[in-house]
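So the chains spell out like this:
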Amino acid sequence: MLRENLMKVRENMEAACRRAGRDPGEVTLVAVSKIKPLSDIEELARAGQADFGENYVQELCDKDEKISVPVHWHMIGHLQRNKVKYIIDKVDLIHSVDSLSLARQIEKEAAKKGLTAQILIQVNVAGEETKFGLDREEVIGLIREISPLEHVKVRGLMTSAPYVEDPEENRACFRALHQLFVDIGRKNIDNISMDILSMGMTNDYEVAIEEGATMIRIGTAIFGERHYN
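For every chain, the first residue of the written sequence is number 1, and numbering continues from 1 along that sequence. In keeping with the model being predicted, local features are shown solely for residues with a pLDDT of at least 70 and side-chain atom pairs are shown and tallied solely at 80 or more, while totals for entire chains, interfaces and linings include all residues. To obtain the side-chain values, all non-hydrogen atoms of the structure were included, while hydrogens and water were left out.

## Remarks on the packing of helix 1 (residues 2-20) against helix 2 (residues 38-46)
Between N-to-C directions, angles cover 0 to 180 degrees, with each direction set by a line fitted to C-alpha atoms, over the stretch in contact for helices. Each helix is a run of DSSP H or I of at least 4 residues and each strand a run of E of at least 2, with the numbering of both proceeding from the N terminus. Closest axis-to-axis distance for the helix 1/helix 2 pair is 10 Å, and the angle between their directions is 55°. One finds that helix 1 runs oblique with respect to helix 2. Crossing geometry of helix 1 relative to helix 2 is assigned as right-handed. Across the interface between the two elements, Leu 2, Arg 3 and Leu 6 from helix 1 touch Asp 40, Glu 43, Leu 44 and Arg 46 from helix 2. Here the nonpolar group is Ala, Val, Leu, Ile, Met, Phe, Trp, Tyr, Cys and Pro; Asp, Glu, Lys and Arg are the charged ones; every other residue, Gly included, is treated as polar. Tallied by class, the residues present in the contact of helix 1 with helix 2 amount to three nonpolar, no polar and four charged. What sets the label is the angle itself: under 35 degrees gives roughly parallel, over 145 gives roughly antiparallel, 65 to 115 gives roughly perpendicular, and the rest give oblique. By definition, turning the near helix anticlockwise from the far helix through less than a right angle yields a left-handed crossing, and turning it clockwise yields a right-handed one. Only heavy atoms matter for contacts: two residues are in contact if any of them lie within 4.5 Å across the pair.

## With respect to the side chain of Ser 193
Assignment of secondary structure puts Ser 193 in strand 7 (residues 192-198). Two N or O atoms count as a polar contact when they lie within 3.5 Å, although within protein this holds only if one can serve as hydrogen donor and the other as acceptor, and sequence-adjacent residues are included solely when both atoms are side-chain atoms. Within polar-contact distance, the side chain of Ser 193 engages the side chain of Lys 153 at 3.2 Å. Setting aside residues up to four positions removed in sequence, Ser 193 forms contacts with Lys 153, Val 154, Arg 155 and Gly 156.

## Notes on the packing of helix 6 (residues 136-146) against helix 7 (residues 171-186)
Packed helix pairs are specified by the crossing angle of their axes together with the interaxial distance, meaning the distance between the axes. Closest axis-to-axis distance for the helix 6/helix 7 pair is 11 Å, and the angle between their directions is 25°. The orientation of helix 6 with respect to helix 7, classified from their angle, is roughly parallel. Where helix 6 crosses over helix 7, the two elements pack in a sense that is right-handed. Together, Arg 136, Val 139, Ile 140 and Ile 143 of helix 6 and Ala 176, Leu 180 and Ile 184 of helix 7 make up the contact between the two elements. Looking at the contact of helix 6 with helix 7, its residues break down into six nonpolar, no polar and one charged.

## Considerations on the pairing of strand 3 (residues 72-75)
As a general feature of sheets, a regular strand has side chains that alternate between the two faces. Any two strands with at least two DSSP-identified bridges between them are counted as paired. Two elements, strand 2 (residues 51-54) and strand 3, share four bridges in a ladder whose sense is parallel. Opposite Gly 53, over in strand 3, you have His 74 as the bridge partner. Crossovers are marked right-handed if the path from the first strand over the helix to the second runs clockwise, as seen with the strands pointing away from the viewer. As for the winding sense of the linkage, the β-α-β connection from strand 2 through helix 3 (residues 57-66) to strand 3 is right-handed. Where strand 3 lies against strand 4 (residues 91-97), three bridges are found, and the strand directions are parallel. In the sheet register, His 74 faces strand 4, and the bridge partner there is Leu 93.

## Overview of helix 1
With 19 residues, helix 1 should reach 27 Å at 1.5 Å per residue; the first-to-last C-alpha distance of 27 Å fits that figure. Close packing links the buried residues of helix 1 with strand 1 (28-32), helix 2, helix 8 (205-210), strand 8 (215-218) and helix 9 (220-223). Just beyond helix 1, the residue with positive phi is Gly 21, at close to 70°. Here the expected span of a helix is defined as 1.5 Å times the quantity of residues minus one.

## Description of unusual backbone geometry
With phi around 50°, Asn 188 is a residue other than glycine that occupies positive phi space. Positionally, Asn 188 belongs in the loop between helix 7 and strand 7. By relative accessible area, Asn 188 is classed as exposed at 64%. Of note in the backbone geometry, Asn 191 takes a positive phi value of approximately 70° without being a glycine. Overall, the relative accessible area of 27% leaves Asn 191 in the partly exposed class. Only protein chains enter the accessibility calculation, which uses a 1.4 Å probe. A residue is then buried if its area is under 20% of the maximum for its type, exposed if over 50%, and partly exposed in between.

Right, dumping it as structure tokens:
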């Protein structure tokens, strides 16, 4: 069932790209594997899925220690500064940076390991009180402050749009974030590349792709519903 679900998501991605006149190769699928067993991740990895998103530091570390196939980990959940050291050399991309203090902690831990951390700036594009992320007006200021950090590379933006029954309701959010993404890219700020726009989840990823997402984060449509204890 997992492989069939993965194939269906990929087919939908390709269809969305065709509608938008885009190359499907421009969009990366991150399978959101939080609270799902390692066996599921390994099955999908053997089916060709390379990128997996985790929300919790301890869970990511446990899975990284035990996994038997190579994968790319993405930290997509809220990241506390005191947890950065545990994942800094395990993840390919940190999606959820929304403060200078967190960026400075990532810089500190990356420098210790002699690596450059790849990060996205998290934007609360709909201004939801229950979600982390910056207001759109704050993004450029934070990016300019992060720019001088030698071991941190801003690769783009991320958002979690509101949960809606009709994905069309999120089109304006995605369009607004894509415009911000383009505007920042045109500024040519040192050490800042706008090449990843992480937006779109199970309920709205096709609309996100149509509006310019280069990375989508899909959990339920691949793994099925989550059952939290």
